Amino acid sequence: MKKSVKSDSRVPKSPSALILDIDDFKGEFSFDALFGNLVNELLPSFQEEEADSAEGHRNIGGSDILANGHARASSDVAKLAQGQSALFPEVDALLSLFRDSCSELIDLRKQIDGKLSNLRKDVSAQDSKHRKTLAELEQGVDGLFGSFARLDSRISSVGQTAAKIGDHLQSADAQRETASQTIDLIKYLMEFNGSPGDLMELSPLFSDDSRVAEAASIAQKLRNFAEEDMGRQGISVPSVMGNATASRGLEVAVANLQDYCNELENRLLARFDAASQRRELSTMAECAKILSQFNRGTSAMQHYVATRPMFIDVEVMDADARLVLGDQVSQASPSNVARGLSSLYKGITDTVRKEAATIMAVFPSPNDVMSILVQRVLEQRITALLDKLLVKPSLVTLPPVEEGGLLLYLRMLAVAYEKTQELARDLRAVGCGDLDVEGLTESLFSLHKDEYPEHEQASLRQLYQAKMEELHAESQHLSESTGTIGRSKGASVASSHQQISVTVVTEFVRWNEEAISRCNLFTSQPSILAANVKAVFTCLLDQVAQYITEGLERARDGLTEAAALRERFVLGTSVSRRVAAAAASAAEAAAAAGESSFRSFMVAVQRCGSSVAIVQQYFANSISRLLLPVDGAHAASCEEMATAMSSAEAAAYKGLQQCIETVMAEVERLLSAEQKATDYRSPDDGFNPDHRPTNACTRVVAYLSRVLEAAFTALEGLNKQAFLTELGNRLHKELLNHWQKFTFNPSGGLRLKRDITEYGEFVRSFNAPSVDEKFELLGIMANVFIVAPESLSSLFEGTPSIRKDAQRYH
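Residues numbered from 1 in each chain as written. Predicted model: local features only at pLDDT ≥ 70, side-chain atom pairs only at ≥ 80, totals over all residues. Heavy atoms only, no water.

Here the focus is the overall build of the chain. The secondary structure content of the chain amounts to 28 helices and 0 strands. By the burial criterion, 36% of the 810 residues in the chain qualify as buried. Split by element, the accessible area of the chain, about 46,100 Å² in all, is 54% carbon and sulfur. (Helix = DSSP H or I, 4+ residues; strand = E, 2+ residues; numbered from the N terminus. Buried < 20%, exposed > 50% of the residue type's maximum accessible area, 1.4 Å probe, protein only. Areas by Shrake-Rupley, 256 points an atom, 1.4 Å probe, with all protein chains shown as cover.)

In structure tokens, the structure reads:
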């Protein structure tokens, strides 16, 4: 909206006046904006001026207004009207202008409405005309589409006819070409069907070296045609070859064609060899392409492979053997053979890779050539080497251990198998066509793998036998070196050198681990692997069971010898003092031998337990997982392990019983030798009683403490508890029988109670509650010698079992 406010000098009473111009109503005029500006911008200033003017009038004529209010009011209205006229001096002109503008606007609206009505009529007429035109156009387009459809159908028909004509023409041309070729073939066939063996009258095509490819193709076609004709007539080709003089049919042609193809094939092979020596790959490729028409090129492929230096050079074969086996085959070791095979197989792989590059450039079917090449490498070169490296030993006459035994053969077999498998993978990576190189490699070792499990078990038995002979020889040597020692002492020393060794059992396990690793190497099927592993592990069980059982039996021999020594020096009562002294000295020597045998057997038991633990740990870590794929194999092996160790358990049980007998025999000897009659019946009864344990008690406890130290170390768990419980019960029984031989007075009873306390404190280390209870009851029973007779009934009140034992001492 365009708006201006101007001052009018013609209105002297108004400080400012609003003057509107006709231009203010042009353009984007808005009444809302006009009146908004009037109200918000100009009206406040006019109201302020009006208020100031009114205030001045009130101050001047205030008394008149109050005195004559009505008259004043009228004059004020008149003045206010005059003031409004002063504020809007152009209002009358504007009102008339507004009325005129409104009339004009109404007229303009009528005119515009009339024009719009005329335009609607025109648009309706034009729309009707346009719709009619569109309908006509649609009819024309439909007709045009129909024409195009007929034209397209016509074109399609013409195209099909042209295609048929083209097919007929092409077929006719093909028939013409075939007829022409057939005429030529018949002409050539007639040349070959002349005199038998006569190849001199042939066309120049068959003798021109520049057209040898065409000649080979035609000759092959002629031979196929002739052979088909012979087949229809029921005549076999071999009969024709055997009767070349026949004149009926195409027999002569077949024979001549065969001779020509052979001659041509030989000529191409000769040219191929010459080009191969000159490394002319293009000529070689040309010859190979032509030769592919004869037996699919098999002769060329085999000829190329057979002429490779690695198959025809004897020096290459000898170099292979020297590289792997060294100068002397008998001195070859698995480590040296492994290094030699790695070097040799790397060279073979490099050679095959170089040949592969030539084969890819020369032959139309390189994969077939690579299959022949790799198969020849494995069957000729590798087989020749393995025959020298692996000589299968007889299971009847085993090779001596000094020369490596069966183990050397098995290690050589494992090394050769592993390295040859690596070669197969490398050759597969280089390329070998459709050849099953892994299966072929397996077949190279089939002869050795057939009896592998038997060889592995025989090897383990041979190793065990050799180890036992070695240990026996060492024991004999040590026995001879101690020949100056007395008989009993020497036997003890010899026995100590045949003790069970955990190191030896560990060696058994190491042999078995190596055998299991070979089982994994040679066997891929889980069921067969489980069977082989079970058989090999059974060998270990048998070896360990036999070894520790024999060791325990040898340790038991020491206990038996000690028992024999004790029995030898048992004397009667009527002997001289000198004889008794000598017997006592011999008895002490027997006791020393018994103690030494006891310790040796406990060491054997301890090592036996450690050996069994090693085998069980080995089974859990290495064997069990290999047996799980076969149902029942794991449980069967566990049962076999328990059965194999049962003999060792029986020997250990017998030995522990002998140990108890040995200990109790020495306890009995000490009690008999050291216990005096005055220990429990002192003459000075009642005067300063001795509260110390008797000398016999001290000696027995000291002996038990010393000798059972080995048992505490060697035995564990339930075995230890059972052994100490049995020993404690036997000790309790022996002491009861021993004290029955003595009489007691009160001071002796006190000393007996002190001995019982000493024994009880010692057996408390057994951790056997039943034994502790028996010695506690012994302590109560000893009170029978201390208390007054009248108090005995109250002493055993509630313990009838002690009353019965006490009556034996009363």
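Moving on from the model shown.
Turning our eyes to something else, we now look at the packing of helix α24 (residues 717-739) against helix α26 (residues 769-781). Remark: α24 packs on α26, axes separated minimally by 9 Å, with the N-to-C direction vectors making an angle of 20°. On the basis of the axis angle, α24 is roughly parallel to α26. Every pair of crossing elements has a handedness; the one defined by α24 and α26 is left-handed. On the side of α24, the interface is formed by Thr725, Gly728, Asn729, Leu731, His732, Leu735, Leu736 and Trp739, while α26 contributes Ser770, Val771, Lys774, Phe775, Leu778 and Met781. In the contact of α24 with α26, the residues fall into 8 nonpolar, 5 polar and 1 charged. (Axes fitted to C-alpha atoms, helices over the stretch in contact; angles between N-to-C directions. Parallel < 35°, antiparallel > 145°, perpendicular 65-115°, else oblique. Left-handed = near helix turned anticlockwise from the far one by under 90°. Contact = heavy atoms within 4.5 Å. Nonpolar A, V, L, I, M, F, W, Y, C, P; charged D, E, K, R; others polar.)

Once that is clear, we can look at the side chain of Asp679. As for its position among the elements, Asp679 is in the loop between α22 (633-674) and α23 (695-714). No salt bridge is formed by the buried Asp679; the nearest opposite charge belongs to Arg751, separated by 4.1 Å. Among the polar contacts listed, one links the side chain of Asp679 to the backbone nitrogen of Lys676, at a separation of 2.9 Å. Apart from the residues within four sequence positions on either side, Asp679 is in contact with Glu674, Thr694, Gly748 and Arg751. (Lys, Arg positive; Asp, Glu negative; His and termini not counted. Salt bridge = Lys/Arg side-chain N within 4 Å of Asp/Glu carboxyl O. Polar contact = N/O pair within 3.5 Å; in protein donor to acceptor, adjacent residues only side chain to side chain.)

On to the nonpolar core, then. The biggest cluster of nonpolar side chains holds 154 residues, and the ones touching the most others in it are Phe363, Leu552, Met602, Leu708 and Phe723. With residues up to four places along the chain from it excluded, the contact list for Phe723 reads Phe598, Met602, Leu656, Cys659, Ile660, Leu708, Ala711 and Leu715. (Core = buried A, V, L, I, M, F, W, Y, C linked by side-chain atoms within 4.5 Å.)

We now examine the pattern of salt bridges. Counted under the stated rule, the structure contains 24 salt bridges. Between Arg411 and Glu514 there is a salt bridge, and its shortest N-O distance comes to 2.6 Å. A residue pair is termed long-range when its members are at least 10 positions apart, and Arg411 in helix α14 (residues 405-430) and Glu514 in helix α19 (residues 502-522) qualify at 103 residues. Residue Arg411 is classed as partly exposed on the basis of its relative accessible area, which comes to 31%.

Time to look at the packing of α22 against α23. At a closest axis distance of 8 Å, the pairing of α22 and α23 adopts a crossing angle of 160°. On the basis of the axis angle, α22 is roughly antiparallel to α23. The two elements α22 and α23 meet at a crossing, and its hand is right-handed. When α22 is examined against α23, the residues Thr662, Val663, Glu666, Val667, Leu670, Leu671 and Glu674 are found in contact with a partner set consisting of Asn695, Ala696, Arg699, Val700, Tyr703, Leu704 and Val707. For the contact of α22 with α23, the class distribution of residues is 9 nonpolar, 2 polar and 3 charged.

Turning to the packing of aromatic side chains, a few remarks are in order. As enumerated under the stated definition, the model contains 16 aromatic pairs in all. When the ring of Tyr680 is compared with that of Phe744, the centres are 5.1 Å apart and the planes differ by 45°; the resulting orientation is tilted. Here Phe744 lies in the loop between α24 and α25 (746-763) and Tyr680 lies in the loop between α22 and α23, a separation of 64 residues in the sequence. Plain terms: the ring middles of Phe762 and Phe766 are 5.5 Å apart, the flat faces sit at 75° to each other, and that makes the pair edge-to-face. Residues Phe762 and Phe766 agree in their burial class; the two are buried. Through a chain of ring-to-ring contacts, three or more aromatic side chains come together here, namely Tyr417, Phe445, Tyr452 and Phe522. Over the ring of Tyr304 we find Arg308; its NZ or CZ atom is 3.9 Å from the centre of that ring. In this arrangement the basic side chain of Arg376 is found over the ring face of Phe311, its NZ or CZ atom lying 5.2 Å from the centre. (Phe/Tyr/Trp six-rings, centres within 6.5 Å; stacked < 30°, edge-to-face > 60°. Lys NZ or Arg CZ within 6 Å of the ring centre and 35° of its normal.)

Moving on, we come to α25. With 18 residues, α25 should cover 26 Å at 1.5 Å per step; its first-to-last C-alpha distance of 26 Å lies within 8% of that length. Turning to α25, its buried residues number three or more, namely Ser747, Gly748, Gly749, Arg751, Leu752, Asp755, Ile756, Tyr759, Gly760, Phe762 and Val763. If you follow the buried residues of α25, they end up packed against α22, α23, α24 and α26. (Expected span 1.5 Å × (residues − 1).)

Together, Val141, Leu144, Phe145, Phe148, Leu151 and Ile155 give the surface a local cluster of nonpolar side chains, amounting to about 600 Å² of exposed area. Residue placement: Ile155 occurs in helix α4 (residues 91-192). (Patch = residues over 30% accessible without salt bridge, like charges linked within 9 Å, V, L, I, M, F, W, Y side chains within 5 Å.)

The phi angle at Arg279 is positive, at roughly 60°, despite the residue not being glycine. Among the residues examined, Arg279 registers a relative accessible area of 48% and is labelled partly exposed. The phi dihedral of Asn767 is positive, around 55°, even though this residue is not glycine.

Another point: the environment of His634. Residue position: His634 is located in helix α22. Judged by relative accessible area, His634 falls into the partly exposed class, the value being 28%. Counting along the chain gives 10 residues from His634 to Ser624, while the straight-line C-alpha distance between them is 6.2 Å. Dropping the residues within four chain positions of it, His634 is found in contact with Phe619, Ser624, Leu627 and Leu628.

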